[in-house]
Amino acid sequence: LPFFMPLVAAYGFDPVWFGVLFLFCMQLGLLTPPFGMLLFVMKSVAPKEIEMQQVWGAVTPYVVMGLLALAAVIAFPPIATWLPDVLFK
């Protein structure tokens, strides 16, 4: 993130909007293969009879909703910025 913030400022993007996008992408990265560290955490605390495919299947709706939310925030930046604008103006 420290690498990207000067670029965000230089190109005139809203840093709050970019921060929200960054957090969405981090969350999706932790839930999706090939790395998906949260998938391995869920597998490690699940009963032994639960297979990794079942964990992937269980997380799929959350990944789909996360992608839809990410697309909405990209398409409509005020979704991410309206509350800070209301609170800090």
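Structure report, in brief. If you're wondering where the values come from, they're calculated on a predicted model, not measured in any experiment.

**A look at the overall build of the protein chain**
- For the protein chain, the count of helices and strands is 5 helices and 0 strands.
- In the protein chain, the succession of α and β elements from N to C terminus is α-α-α-α-α.
- For 89 residues, the compact-globule estimate of 2.2 N^0.38 gives 12 Å, and the C-alpha radius of gyration of the protein chain, at 17 Å, exceeds that figure by more than 25%.
- With the C-alpha coordinates aligned to their principal axes, the bounding extent of the protein chain is approximately 55 × 25 × 20 Å.
- Looking at the protein chain as a whole, 19% of its 89 residues qualify as buried.
- Restricting the contact set of the protein chain to residue pairs at least 6 apart, pairs at least 24 apart contribute 44%.
- Element-wise, carbon and sulfur atoms account for 79% of the exposed surface of the protein chain, whose accessible area totals about 6,700 Å².

**Section: the packing of aromatic side chains**
- In total, this model carries 4 aromatic pairs according to the counting rule given.
- Between Phe3 and Phe4, the aromatic rings sit 5.3 Å apart at their centres with planes inclined by 80°, giving edge-to-face as the arrangement.
- A relative accessible area of 62% means that Phe3 is categorised as exposed.
- Aromatic side chains Phe13 and Trp17 sit 5.8 Å apart centroid to centroid with 35° between the ring planes, which places their arrangement in the tilted category.
- Under the relative-accessibility criterion, Phe13 is labelled partly exposed at 45%.
- Residue classification places Trp17 among the buried residues on the basis of a relative accessible area of 13%.
- The structure contains a cluster of three or more aromatic residues connected by ring pairs, namely Phe3, Phe4, Phe18 and Phe22.

**Here's the deal with helix H2 (residues 15–31)**
- Over its 17 residues, H2 runs 24 Å from end to end, which matches the ideal 24 Å to within 8%, given 1.5 Å per residue.
- Those residues of H2 that fall on the buried side of the exposure criterion are Trp17, Phe18, Leu21, Leu28 and Leu31. For H2, the angular spread of the buried residues around the axis is 155°, confining them to a single face.
- Buried positions along H2 lie against helix H1 (4–10), helix H3 (37–45), helix H4 (52–75) and helix H5 (78–87).

**Notes on the environment of Thr81**
- With respect to the helices, strands and loops of the structure, Thr81 is situated in helix H5.
- Of the residues examined, Thr81 reaches a relative accessible area of 9% and is grouped as buried.
- In the structure, Thr81 is positioned 64 residues away from Trp17 in sequence and 6.2 Å away in space, judged by C-alpha atoms.
- Aside from chain neighbours lying at most four places away, what touches Thr81 is Asp14, Val16 and Trp17.

Basis of the calculations
- Residues numbered from 1 in each chain as written.
- Predicted model: local features only at pLDDT ≥ 70, side-chain atom pairs only at ≥ 80, totals over all residues.
- Heavy atoms only, no water.
- Helix = DSSP H or I, 4+ residues; strand = E, 2+ residues; numbered from the N terminus.
- Rg over C-alpha atoms; globule rule 2.2 N^0.38 Å.
- Buried < 20%, exposed > 50% of the residue type's maximum accessible area, 1.4 Å probe, protein only.
- Contact = heavy atoms within 4.5 Å.
- Areas by Shrake-Rupley, 256 points an atom, 1.4 Å probe, with all protein chains shown as cover.
- Phe/Tyr/Trp six-rings, centres within 6.5 Å; stacked < 30°, edge-to-face > 60°.
- Expected span 1.5 Å × (residues − 1).
- Arc of directions from axis to C-beta.

Any functional reading would require information beyond the geometric quantities listed.
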